[in-house]
Amino acid sequence: MSAASGVSGAGVAAGGGDGTGGEALIAERSVTDWWSTAVSEIEPGVIRLRGYPVEELIGRITFAEQIWLMVRGELPTPGQGRLLEAALVAAVDHGPQAPSIAAARMAATCGVGLNSAVATGAGLLGDVHGGAGQQCMEVLARVAGGEAAPAVVAEYRRRGAYLPGFGHRFHPRDPRRDPLLALAGEAAGAGEVSGRFLTAGLALEAALAEGRKRPVPMNIDGATAIIYAELGFPPELGRGLFVLSRSVGILAHAWEETENGARIKGPLPRQLLAGYHGTPERHLDAGRGGIPGA
């Protein structure tokens, strides 16, 4: 190793920083372990992901299986991989009425580049827009752990809060609910998952319908929350998986807007103006002087 690099087999030479020119030797291992990881091992000519040479994974596992491997450390069973892929596919997009999609499209018309447009959209996926799945997983864990679903629903009603994962501002019945729950039910019947969180979700849905003329069906956040919980993902990682899925739609919309070539598209068509509810037009007093020295 060259002297210029400051690295040898024994250690790394670092300036003392006290103006005396003294040097401290830092053990080489303490440097290489600074970002020590169990996820990937990279050397010249070698890429291993969770221990598997990447050339053995390419063309032999699905992207959903790769995601599972990266975040969980092992490959899923075929049934687990199918469930994960179904949840990821279901949540990819919900059109420009979703703020994350609209923001990405607007950003794409401002010349920031595709990467920044995607980051703009993904950055909007917070507690209110994008976080309901994580929150629903936490509620499902309570019911699966023994709390009564009617009591949990009553608690949210007392607080005047929305129960995350249920109801939709756009769909009377979310078209993604039924196929996802059917797959979860099949997996539970085959012993791939426990079925505890599916049972909890259906119990919450039934409790919400009590005393109402119209039911409040589960939405995409609730359905994917059941699947992620059944698959053993922690709630925070459940949100991460939703962000990963929705980023596909964000990318597609940002790219479409980029290809359209429009410039600086705001939230309203140009012929429409935002409403104004401030002070009516007013004028300075006629006798008010100008700026001194002007």
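Quick note: structure is the one above.
In what follows, the accompanying structure is described. (Residues numbered from 1 in each chain as written. Predicted model: local features only at pLDDT ≥ 70, side-chain atom pairs only at ≥ 80, totals over all residues. Heavy atoms only, no water.)

It is worth spelling out the side chain of Asp221 at this point. In this fold, Asp221 is placed in helix α11 (residues 220-230). Look at Asp221: it is buried, it has no salt bridge, and the nearest opposite charge is Arg246 at 6.8 Å. Setting aside chain neighbours within four positions, we find Asp221 in contact with Ala132, Gly133, Cys136, Gly165 and Phe242. (Helix = DSSP H or I, 4+ residues; strand = E, 2+ residues; numbered from the N terminus. Buried < 20%, exposed > 50% of the residue type's maximum accessible area, 1.4 Å probe, protein only. Lys, Arg positive; Asp, Glu negative; His and termini not counted. Salt bridge = Lys/Arg side-chain N within 4 Å of Asp/Glu carboxyl O. Contact = heavy atoms within 4.5 Å.)

On to unusual backbone geometry. Glycine aside, negative phi is the norm for most residues, and most peptide bonds take the trans geometry. Of note in the backbone geometry, Arg50 takes a positive phi value of approximately 55° without being a glycine. Along the chain, Arg50 turns up in the loop between β4 (46-49) and β5 (52-53). Even without being glycine, Ile264 reaches a positive phi, approximately 50°. What makes Ile264 exposed here is its relative accessible area of 59%.

To continue, consider the nonpolar core. Judged by nonpolar contacts, the single largest core of 56 residues is most densely connected at Leu84, Leu140, Leu163, Phe166, Leu204, Tyr228 and Leu231. Looking at which element gives the most residues to this core, the answer is α11, with seven residues. Those residues in contact with Leu204, other than ones at most four positions away along the chain, are Val139, Leu140, Val143, Ala149, Val152, Val153, Leu163 and Phe166. (Core = buried A, V, L, I, M, F, W, Y, C linked by side-chain atoms within 4.5 Å.)

This part covers the sheet that holds strand β3 (residues 40-43). Sheet architecture is open: three strands sit in the order β3-β4-β5, paired in antiparallel fashion. Each edge of the open sheet is held by one strand with a lone partner, namely β3 and β5. (Pairing = 2+ DSSP bridges.)

Looking only at helix α8 (residues 149-159), the buried set comprises Ala149, Val152, Val153 and Tyr156. Projected down its long axis, α8 shows its buried positions confined to an angular sector of 100°, all on one face. Within α8, the exposed residues directed more than 90 degrees away from the buried face are Pro150 and Arg158. In the core, the buried residues of α8 are packed alongside α7 (132-144) and α10 (196-209). With its phi angle positive at about 65°, Gly160 sits one or two positions after the end of α8. (Arc of directions from axis to C-beta.)

Looking now at the packing of aromatic side chains. According to the stated counting rule, one finds two aromatic pairs in the structure shown. Judged by centre distance (5.2 Å) and plane angle (75°), the rings of Trp68 and Phe233 are edge-to-face. With a gap of 165 residues between them, Trp68 in helix α3 (residues 63-72) and Phe233 in the loop between α11 and α12 (235-260) connect regions that are remote in the sequence. In terms of burial, Trp68 and Phe233 fall into one category: buried. Geometrically, the ring pair formed by Tyr228 and Phe233 is edge-to-face, given 6.1 Å between the ring centres and 85° between the ring planes. With respect to class, Tyr228 is no different from Phe233; both count as buried. (Phe/Tyr/Trp six-rings, centres within 6.5 Å; stacked < 30°, edge-to-face > 60°.)

Sheet topology note: the β3/β4 ladder contains four bridges and is antiparallel. Its bridge partner being in β4, Ile42 is matched across the sheet by Ile47. The antiparallel hairpin formed by β3 and β4 contains two residues in its connecting segment, where Gly45 sits at a positive phi of about 80°. Across two bridges, the pairing between β4 and β5 is antiparallel.

This part is about the side chain of Glu230. Take Glu230: it is sitting in helix α11. Buried and unpaired, Glu230 has no salt bridge, with Arg196 as the nearest side chain of opposite charge at 6.6 Å. Reaching out from Glu230, the side chain makes a polar contact with the backbone nitrogen of Phe197 at a distance of 2.9 Å. Filtering out sequence-adjacent residues up to four positions away, Glu230 remains in contact with Val193, Ser194, Gly195, Arg196, Phe197 and Leu198. (Polar contact = N/O pair within 3.5 Å; in protein donor to acceptor, adjacent residues only side chain to side chain.)

Looking now at helix α6 (residues 114-122). Along α6, the residues classified as buried are Ala117, Val118 and Gly121. The buried residues of α6 occupy an angular sector of 95° when projected down its axis, which confines them to one face. Contacts made by the buried residues of α6 are with α5 (99-108) and α12.

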